[in-house]
Amino acid sequence: LRWIPSKLFMAFGYMCTSPRLRRISLIRHYHSPLDFITDRFRSQFLRYSIFVILLVPSIIYLAAQPITLKGNFNDLFGLEDNNVIAPVAICAFILVLEWIGGLNVVAYTDSAQGILMILAFVLMSSTLCHLYGGWGSDIFNPKTYPKPNFFQVPSTEDQVAMWSFSLQWISFAALPHFQQRTYASGEFKSMKLAYFVISLAPWLTMLVGVFSGTLGVYLLQGQETSNPFTGVVAELMSASGFGYVAGLLILVGSVAAIISTADSLLIATTHMVMSEVVNPAMKNASHARVSFVSKVVSFTVMALGLVIALTDDGALSDLAAVQNGMCLQAVPTLLIGLFFAPRFTPHAWIIAVGALAGFITTVVINYTWNEKEDNYFFNAGVWGLCHNIGIMFTLEMALRLCRASEWRAPKWDVPNTDNFGGDMPITYDWLNGLMRNVREPFKSEWFVGLFVITSILLLPGNSAGLPELGEQAADGSYPDFTPTTVGGLPDWIFKLLMGSVVLTISLIWAIYHLPSNLDDLSDLNDDSEYVPQKKSKGSLPISKTSTNSKNTSLSSPTDVISPDKIREV
């Protein structure tokens with residue numbers, strides 16, 4: 001159930017930050033996820049701190065794809081759990097596609113898996129409802145359901161943990177492959193469509209997944225399976241010919257989804273490493289050499305993710321649970337840079353220290369506290385965020401009390417910003433002037449307030465553990481167990497779903513009021529501050545890992561990636 005509000009938080013975070021990033025990129029020529037951080041704060045220490053914070057969860061996220069593939073494939077075909085043929089073959093296939101097609105592969109696989117998954121989930125839900133009935137059927141009778149605690153209100157700790165788990169999904173706004181889509185999108189209209197899809201997708205996919213999972217508890221009772229999802233799909237495929245088609249589409253769609261996710265992560269991570277590490281060290285290298293090195297980097301990233309996945313002994317599962325928490329530590333930096341006035345903006349080094357402290361806290365809590373306690377109230381990433389902000393605030397107050405707020409960083413900390421506009425820095429007033437005619441969701445008090453308050457009200461409250469199960473009968477049922485249900489669902493789950501509907505409506509309302517012509521800068525032409533800046537010849541050389549094959553005919557070391565070239569993809 002937590003996945004439904006989680007995806008809505010993801011839509012909220014991405015929609016609140018990407019319109020402003022998109023419009024800045026049209027003037028400042030961004031292509032790397034760290035370009036805005038570099039241009040806004042002009043600190044190498046902060047730049048590479050955020051680089052580490054984004055790189056680690058990206059590799060973990062990439063490693064999770066072969067793990068998922070291995071589990072689904074091996075369970076479905078009855079293979080040994082340690083069989084690695086499927087993940088190795090698929091990863092090699094992804095790498096070859098990435099070398100040949102670049103961003104085109106992501107576009108095609110995104111489209112293919114999206115269509116297949118939506119169609120498959122619609123067929124799956126309708127077939128399961130036809131065969132077994134919905135939540136209102138006798139299968140979900142609270143007295144005889146195999147897991148009657150499904151109908152009980154979760155404990156207070158579980159409720160807060162669920163909310164904090166959902167909260168950390170705003171971190172997707174900072175993930176490299178999301179920011180790359182912001183910069184590479186052909187036009188803002190397509191981004192608005194993406195906002196709508198992300199906001200509505202939980203109802204087409206996650207709700208079906210919740211239903212399949214609860215039905216799987218009944219269908220798979222007494223069976224030992226490490227992957228309930230494939231167990232439900234196997235039951236579906238054996239039930240009828242129509243169910244077989246639906247199950248087959250689910251499996252094909254899931255493979256396409258894994259390929260799409262892994263490929264976009266591979267391209268974005270490789271692009272970030274090339275932009276922030278390799279290219280600064282190869283300023284005078286030929287295009288052919290840079291292109292070769294980019295392939296080596298992408299191979300190394302994929303190999304590292306695959307090795308981590310194949311050597312997983314359970315520890316990665318814990319780490320994957322906090323990958324969003326790790327990335328969450330970059331969100332304050334992004335929000336401060338985009339929206340905070342100078343009097344509320346800490347020094348760049350203090351922002352970096354806070355982000356690194358939150359990142360370390362997230363990992364430490366996950367591997368110490370979480371091992372000793374059954375639950376630890378907040379998600380580890382949210383604890384890290386609290387430390388992040390707390391340390392940032394404390395150090396900045398100390399710096400201002402010591403009247404050292406005007407302290408200047410050493411020369412080695414100043415990055416090269418010629419590609420972004422040289423000596424013309426981004427200021428708070430400049431940002432607000434850029435967006436003066438745009439109705440931004442994050443600047444709307446009622447929208448942000450409604451979203452936050454409604455998300456908190458999703459929680460059932462202080463009725464934890466109620467109603468009590470009572471005495472268990474000889475046949476395993478609970479004859480005295482009478483929870484309140486709505487349409488077969490526990491009342492607390494119905495409340496959560498209705499609250500999620502309110503969140504979805506608020507998101508759609510905010511998306512509708514975003515201008516479709518955001519890319520049109522004609523209203524700013526009378527202001528020289530907003531004329532697109534000239535790029536220097538030292539920009540990032542073209543490579544197939546960052547654009548498509550149509551652009552690879554450029555061979556001069558001075559060839560650059562322009563927003564127009566990227567958007568052709």
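Along each chain, residue indices are assigned from 1 in the same order as the chain's sequence is written. Only residues with pLDDT of at least 70 are given local features in this predicted model, and only at 80 or more are side-chain atom pairs given and counted; all residues enter the totals for whole chains, interfaces and linings. Side-chain descriptors were evaluated using all non-hydrogen atoms of the structure, hydrogens and water having been removed beforehand.

Right, let's get into the overall build of the protein chain. Labels follow the DSSP assignment, with helices taken as runs of H or I lasting at least four residues and strands as runs of E lasting at least two, numbered in each case from the N terminus. What the protein chain contains, in helices and strands, is 21 helices and two strands. In the protein chain, buried positions account for 54% of the 569 residues. Only heavy atoms enter the contact rule, under which two residues are in contact if any of them lie within 4.5 Å. Within the protein chain, contacts between residues separated by at least 24 positions form 83% of all contacts whose residues are at least 6 apart in sequence. Total accessible area on the protein chain is roughly 24,700 Å²; 63% of this is exposed by carbon and sulfur atoms. The classification of residues rests on relative accessible area computed with a 1.4 Å probe and restricted to protein chains. Under 20% of the type maximum is buried, over 50% is exposed, and intermediate values are partly exposed. The Shrake-Rupley method, run with a 1.4 Å probe sphere, supplies the accessible areas, and residue values consider only the shown protein chains as cover.

This part takes up the packing of aromatic side chains. For any pair of aromatic rings, the description rests on two quantities: the centre-to-centre distance and the angle between the ring planes. Classification of ring pairs uses Phe, Tyr and Trp, with its six-membered ring standing for Trp, and accepts pairs whose centres are within 6.5 Å; under 30 degrees between planes counts as stacked, over 60 as edge-to-face, and the remaining range as tilted. Going through the model one piece at a time under the given rule, you end up with 29 aromatic pairs. Where Tyr14 meets Phe178, the ring centres are 5.1 Å apart and the plane angle is 80°; that geometry is what we call edge-to-face. Placement of the pair is Tyr14 in helix H1 (residues 3-28) and Phe178 in helix H7 (residues 176-184), with a sequence separation of 164 residues. Considered together, Tyr14 and Phe178 belong to a single accessibility category, that of buried residues. With centroids separated by 6.1 Å and ring planes inclined at 75°, the aromatic side chains of Tyr61 and Phe172 adopt a geometry described as edge-to-face. Within this pair, whereas Tyr61 is found in helix H3 (residues 44-76), its partner Phe172 is found in the loop between helix H6 (156-167) and H7, the two being separated by 111 residues in sequence. Among the residues examined, Tyr61 registers a relative accessible area of 17% and is labelled buried.

Here we come to unusual backbone geometry. A positive phi angle is found at His29, which is not glycine, with a value near 60°. Within the secondary structure layout, His29 lies in the loop between H1 and helix H2 (35-41). Relative accessible area serves as the criterion here: at 12%, His29 is assigned to the buried category. In this model, Arg42 sits at a positive phi of 50°, which is unusual for a non-glycine residue.

This part is about a nonpolar patch on the surface. The patches described consist of residues with a relative accessible area above 30% and no salt bridge, like charges being joined within 9 Å and nonpolar side chains (Val, Leu, Ile, Met, Phe, Trp, Tyr) within 5 Å. A pairing counts as a salt bridge when a side-chain nitrogen of Lys or Arg comes within 4 Å of a carboxyl oxygen of Asp or Glu. The grouping of Val486, Phe494, Met498, Val501 and Ile505 at the surface amounts to a nonpolar patch, some 370 Å² of accessible area in total. Here Val501 lies in helix H20 (residues 491-512). Classification of Val501 by relative accessible area gives partly exposed; the value is 30%.

This part covers the environment of Thr484. Checked against the element boundaries, Thr484 lands in the loop between helix H19 (445-457) and strand E1 (485-486). Counting along the chain gives 333 residues from Thr484 to Phe151, while the straight-line C-alpha distance between them is 8.4 Å. Discounting chain neighbours no more than four positions away, the residues touching Thr484 are Leu489, Pro490 and Asp491.

Next up on the list: helix H9 (residues 228-239). The terminal C-alpha atoms of H9, which comprises 12 residues, lie 17 Å apart, in line with the 16 Å expected from a rise of 1.5 Å per residue. For H9, the set of buried residues is Thr230, Gly231, Val232, Val233, Leu236 and Met237. Here the expected span of a helix is defined as 1.5 Å times the quantity of residues minus one.

Now for the pattern of salt bridges. All chains considered together, the criterion is met by six salt bridges. When the shortest N-O distance is used, the salt bridge between Glu440 and Arg20 registers 2.5 Å. Placement of the pair is Glu440 in the loop between helix H18 (428-434) and H19 and Arg20 in helix H1, with a sequence separation of 420 residues. With respect to burial, Glu440 and Arg20 carry one shared label: buried. With a closest N to O distance of 2.7 Å, Arg22 and Asp519 form a salt bridge.

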